Amino acid sequence: MGKEVKILSIETSCDETAAAVLSMESGKGFPKIKTLSSVVKSQLKLHSKMGGVVPEAAAREHLKNIRPVVEKSLNDAKVNLDNIDYIAPTVGPGLIPSLLIGVEFAKALSLASKKPIIPVNHMLGHLYSPLKDKGLKIKDLFPMISLIVSGGHTIIVLMKNIKEYKVLGQTVDDAAGEAFDKVAKILKLPYPGGPEVSKLALDGNPSAINFPRPMLNQKNYNFSFSGLKTAVFYRLRDFPKTKPADICASFQEAAVDVLITKTLRAAKEFKAKSISLSGGVAANSALRAALQATSYKLQAKFFVPPQNLCTDNAEMIGLAAAFMLHNGYKPKSYKQIKADPNLQL
Ligand code: KG4
Ligand code: ZN
């Protein structure tokens, strides 16, 4: 086993101010990673009043919260900056005013402490989030098909091994989480809509309305959710007495159907030994259950993070930084680090 290193990770890409401290011991096979602390300060109350994330307001909140959140993560881990080896901020994708707070704070810490930076792609955080502590039988895991479903992205990734991955397809318009949030808005449910739609869906009939399954039969791994959201809008306009619970259950059924069908197709084509699910929408119980059942039928292992690791947090950013280091990434000087709102996986 190699030397143990400690990583301070920082996440401010959207509306959660988060910091975590992880330790990592690299060696043959899977790195040994421990979470020493993880702090998330949500801005939910502020944005729910406005019905969505307002970038300028989010940035002001990050600015207010970043120092106490980072301090708490160090205190909870019982370490100070001297004990930290690397600082790992999310550098993109995300809202630029939000990203800048975390990135510039990390750069200032790096300048003051002389600790180098590991710049993390937020989507890499989601991608690695189901893999914590799954390393015992590394040869049984790959190839892995990963479905990442968040508020801003819907991506199918082929992970060939712990280091190499390839994006097979993504949404051509709205992301899955965005569709949940927009359907909630149409139904006048509180923000954020995803959890509200899934809660209401429990009381509805998933077969009540046969909503469209966009791009289901196209021979690619791309998605489209904007037509599905519009179909919900027209249904309510034309049949205003439809039970909201039935709308939620039927919409969720259509969205889950498309996500599962395409993931299953990819898993078959690439002979996946395992399937993973991550991103905020991975907190959805119907999607978790459906993909678990699909994986079981295919005799593939199924990995999904606990629900608190699905939505944005800094633990997954630290995890991605740890895997980057383990895979040979050379940390950088703060002078080389820049936020990039459009960073691709
Ligand atoms: O990963 P995340 O926290 O932020 C982004 O990186 O975008 O994902 C947030 C998204 C939101 O669209 C939210 O509505 C959705 O995840 N979400 C859910 C559930 N919980 C969160 N969608 C459906 N069902 C849920 N239970
Ligand atoms: Zn996210």
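Calculation notes
Residues numbered from 1 in each chain as written. Chains lettered and ligands numbered in written order. Predicted model: local features only at pLDDT ≥ 70, side-chain atom pairs only at ≥ 80, totals over all residues. Heavy atoms only, no water. Core = buried A, V, L, I, M, F, W, Y, C linked by side-chain atoms within 4.5 Å. Buried < 20%, exposed > 50% of the residue type's maximum accessible area, 1.4 Å probe, protein only. Helix = DSSP H or I, 4+ residues; strand = E, 2+ residues; numbered from the N terminus. Contact = heavy atoms within 4.5 Å. Pairing = 2+ DSSP bridges. Axes fitted to C-alpha atoms, helices over the stretch in contact; angles between N-to-C directions. Salt bridge = Lys/Arg side-chain N within 4 Å of Asp/Glu carboxyl O.

(A) Region of interest: the nonpolar core. Ranked by size, the top nonpolar core spans 46 residues in total, and within it Phe211 and Phe251 carry the most contacts. Secondary structure elements with two or more residues in this core: strand S6 (144-149), strand S7 (154-159), helix H5 (176-186), helix H6 (193-201), helix H7 (226-238), helix H8 (244-269), strand S9 (274-278) and helix H9 (285-297). Per element, the largest residue contribution to this core is twelve residues, and it comes from H8. Setting aside anything within four residues of it in sequence, one finds phenylalanine 211 in contact with Leu228, Ala231, Val232, Arg235, Ile247, Ser250, Phe251 and Ala254. Listed in part, the 36 residues of the second largest apolar core include Met144, Ile317, Ala321 and Met324.

(B) Structural view of the sheet that holds strand S8 (residues 165-170). Taken in spatial order, the five strands make up an open sheet running S8-S7-S6-S9-S10, and their pairing is mixed. Each having just a single partner strand, S8 and strand S10 (301-303) make up the two edges of the open sheet. Pairs of neighbouring strands in the sheet enclose a mean axial angle of 20°, with direction left out of account. As judged from the five bridges shared by S6 and S9, these two strands associate in the parallel manner. Paired with isoleucine 145 across the strands is isoleucine 275, a residue of S9.

(C) Examining the pattern of salt bridges more closely. Going through the model one piece at a time under the given rule, you end up with twelve salt bridges. The partner of glutamate 4 in a salt bridge is lysine 6, with the nearest N and O atoms 3.5 Å apart. Residue class for glutamate 4 comes out partly exposed when judged on its relative accessible area of 35%. Across the salt bridge formed by aspartate 76 and lysine 72, the nearest N and O atoms sit 3.1 Å from each other. Highlighted residues: aspartate 76 and lysine 72, both in helix H2 (residues 55-76), separated by four residues, approximately one helical turn. Look at aspartate 76 and you get partly exposed, because its relative accessible area is 35%. The exposure class of lysine 72 is partly exposed, given its relative accessible area of 42%.

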